[in-house]
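# Reading the structure
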Amino acid sequence: MGLLDGQVACVTGGTRGIGRAIAEAFVREGAKVVINGRSPEKGAQALVEMNAGDAVHFSAGDVTSREVCEALIDETVARYGRLDILVANAGGAPDAAPVASMTDEAMSFAMTWCFWHTFWTMRAAINVMTPQGSGRIMAISSVEGKIGKPAISHYVAAKHAINGLVKTAAKEVGTLGITVNALCPGAIETDVMKADGPGAAEAMGMTYQGLLDLFAAESAIKRLNEVDDVANVAVLLASPAGAGITGSLISIDGGTSPY
Amino acid sequence: MGTLDGKVACITGGTRSIGRAMAEAFLAEGARVVVNGRDAAKGAVAVAEMNAGDKVAFFAGDASKQSTVEGLIDFTIGHFGQLDICCLNSGGVAMTAPVAQMTDEEWQLEVDWNLNHVFWGMRRALQHMIPRESGRIIVTSSVEGKLGKPGIPGYVATKHAVNGLVKAAAQEVGTLGITVNAILPGIIETDIVRSTGPDSAVAMGLAGYDELIGLFTAESAIKRPNRVEEVAAVAVLLASDAARNMTGCLFPVDGGTMPY
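Residues numbered from 1 in each chain as written. Chains lettered and ligands numbered in written order. Predicted model: local features only at pLDDT ≥ 70, side-chain atom pairs only at ≥ 80, totals over all residues.

Residues Ile22(A), Phe26(A), Val230(A), Ala234(A), Phe26(B) and Ala235(B) are the most contacted members of the largest nonpolar core, which totals 174 residues. Those residues within four positions of Ile22(A) in sequence are excluded, and the remaining contacts are Val11(A), Val87(A), Asn89(A), Val230(A), Ala231(A) and Ala234(A). (Core = buried A, V, L, I, M, F, W, Y, C linked by C-beta atoms within 7 Å. Buried ≥ 20, exposed ≤ 12 C-beta atoms within 10 Å, placed from the backbone. Contact = placed C-beta atoms within 7 Å.)

See the structure below:
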């Protein structure tokens, strides 16, 4: 008996990192999960590693496209018959630079990948969940959804925007059995961090290791967070006990955020 | 196999409502628990109802008294040999009056019950946990730890203060395997709220208790009170190894009431 028996979840950016940990935690609790990712090869590898048979399905696609986001929700419903839990997890922000030299392209890409993908999947999910009279929507935000950091204004702005979206949507669907929350992790050394981190560090005038050290130093625990930290909270929010928690921006950051 | 097997918890205000739900959830996950309350008779009833044999014990005393809070910590360590999870949960609206009419004595009651009790318990618990480099402190704060409401300034101010205490302590012990977090429930129809709610309603200029509950739920997104089980589930998570990297967190369980 799992906490999520019979539930169906969809996780964007679910083949690796935080999304993968959430998908695995949901499967352990009895849910069926559709994981999305850009690369069919990485998707196939994730399915093999997760070894969960029919309980996991991979859907290839780049969530910076609205069509992909909407098709992903449709595919989840077609595959498993319903959608109980959406985790809008994908996101990142390459090409870091101070605002004075940030390009339109870098800002737009981060906003699309982080914010617009969250909006597109959330909108589609609410339209599925409303007639069901139940649902859980989680956006993977960030400690940067609450505080600023130099040279990553695109990431900071996109994550703040997600938090505002979450708070508003929570008010709209609060009486419909649907909760909408943001999880705000501290720095975790995921594949996306490994890809974007060195550029961000350079724009901040430090080494990649220096950036990781800075994140750790800003926390109370003086170390980075781990993907399972986020997955454990996601399970709670998805479970029946999460019914009374909505519009929350939950810090999972080792004591970094001031609020 | 529970997520809290082998752990020992103590809970101020643990015989009823939120604290009781925490105690039952901890027991279900394998912990041993000492619950505290003012009334020995209610304590005996609670222990009987929880039906957990020697895994649960009761410690009588008023949580607004330093001797009770420190006594609870010491009793727990003496009784079960250790303290892993300290839940500082007792508290409430001791006095309802606008700031302009609040007396010093009434103010002191609020400060002792909601703030000093948390400080006394946290300090004593940390002195035990720091050498062991392991522990969880979970404070029951409130949505009023982030928002203001007329007529209950003592409650609002002390819950804000508790949140500050949690954040400061979390920074102090963050590398010692000890986490310090607050849970911020929205309105829950606990026994305390049922008993103090009518007076609070009057102080807030409302017609009665139903209007008070209505005001709180209207401010939420879910338009209903929260439930003690929702708070207890978060407490279990924070108490477990799964939350070892969550600290200094003000965890809302308020149905979408708080603005931040």
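What follows concerns the pairing of strand 6 (residues 178-185) of chain B. Residue and element names in this part refer to chain B. With eight of its eight residues buried, strand 6 lies for the most part within the structure. Covered by surrounding structure in strand 6 are Ile-178, Val-180, Ala-182 and Leu-184 together with Thr-179, Asn-181, Ile-183 and Pro-185, the residues of both alternating faces. As paired elements, strand 5 (residues 135-140) and strand 6 share six bridges and run parallel to each other. Pairing of Ile-138 across the sheet is with Asn-181, part of strand 6. As for the winding sense of the linkage, the β-α-β connection from strand 5 through helix 5 (residues 153-173) to strand 6 is right-handed. Bridge analysis of strand 6 against strand 7 (residues 250-253) gives four bridges, and the strand direction is parallel. Counted as the bridge partner of Leu-184 is Pro-252 from strand 7. (Helix = DSSP H or I, 4+ residues; strand = E, 2+ residues; numbered from the N terminus. Pairing = 2+ DSSP bridges. Right-handed = clockwise from strand over helix to strand, strands pointing away.)

On to the sheet that holds strand 4 (residues 85-88) of chain A. Residues and elements named next belong to chain A. With parallel pairing, seven strands are arranged side by side in an open sheet as 3-2-1-4-5-6-7. Edge positions in the open sheet fall to strand 3 (56-60) and strand 7 (249-252), since each of these has one partner strand only. The mean inter-strand angle of the sheet, taken between neighbouring strand axes irrespective of direction, is 20°. Pairing geometry for strand 1 (residues 8-11) and strand 4, over three bridges, is parallel. In the strand pairing of strand 4, Ala-9 is matched with Ile-85. (Axes fitted to C-alpha atoms, helices over the stretch in contact; angles between N-to-C directions.)

With that out of the way, let us pick up the interface of chain B and chain A. Residue-level contacts link 29 residues of chain B with 27 residues of chain A. Secondary-structure elements contributing two or more residues to the side of chain B that touches chain A are helix 5, helix 8 (228-239) and strand 7 of chain B. By residue number, the principal contributor to the side of chain B that touches chain A is helix 8 of chain B, which donates five residues. Across the side of chain B that touches chain A, the residue classes break down as 15 nonpolar, 10 polar and four charged. (Nonpolar A, V, L, I, M, F, W, Y, C, P; charged D, E, K, R; others polar.)

In this section: the packing of helix 4 (residues 104-132) of chain B against helix 5 of chain B. All names here are of chain B. Put simply, helix 4 and helix 5 touch, their axes get as near as 9 Å, and they point 15° apart. Considered as vectors, helix 4 and helix 5 are oriented roughly parallel to each other. Crossing hand, helix 4 versus helix 5: right-handed. Of helix 5, the residues touching helix 4 (which contributes Glu-106, Trp-107, Glu-110, Val-111, Asn-114, Leu-115, Val-118, Phe-119, Met-122, Leu-126 and Ile-130) are Gly-154, Tyr-155, Thr-158, Lys-159, Ala-161, Val-162, Leu-165, Ala-169 and Val-173. (Parallel < 35°, antiparallel > 145°, perpendicular 65-115°, else oblique. Left-handed = near helix turned anticlockwise from the far one by under 90°.)

This next bit is on unusual backbone geometry. Positioned with a positive phi, Asp95(A) is a non-glycine residue whose angle comes to about 60°. Looking at the element boundaries, Asp95(A) is found in the loop between strand 4 and helix 4 (104-132). Under the C-beta neighbour-count criterion, Asp95(A) is labelled partly exposed, with 16 such atoms within 10 Å. Residue Asn51(B) is not a glycine yet carries a positive backbone phi of 50°. Tracing the sequence through the fold places Asn51(B) in the loop between helix 2 (40-50) and strand 3 (56-60).

All names here are of chain A. At their nearest, the axes of helix 1 (residues 17-28) and helix 8 (residues 227-238) sit 8 Å apart, and the two run at 45° to each other. The pairing of helix 1 with helix 8 is recorded here as oblique in orientation. Crossing angle aside, the handedness with which helix 1 passes helix 8 is right-handed. Here helix 1 contributes Gly-17, Ile-18, Ala-21, Ile-22, Ala-25 and Phe-26 to the contact with helix 8, which in turn contributes Val-227, Asp-228, Val-230, Ala-231, Asn-232, Ala-234, Val-235 and Ala-238. When its residues are assigned to classes, the contact of helix 1 with helix 8 shows 11 nonpolar, two polar and one charged.

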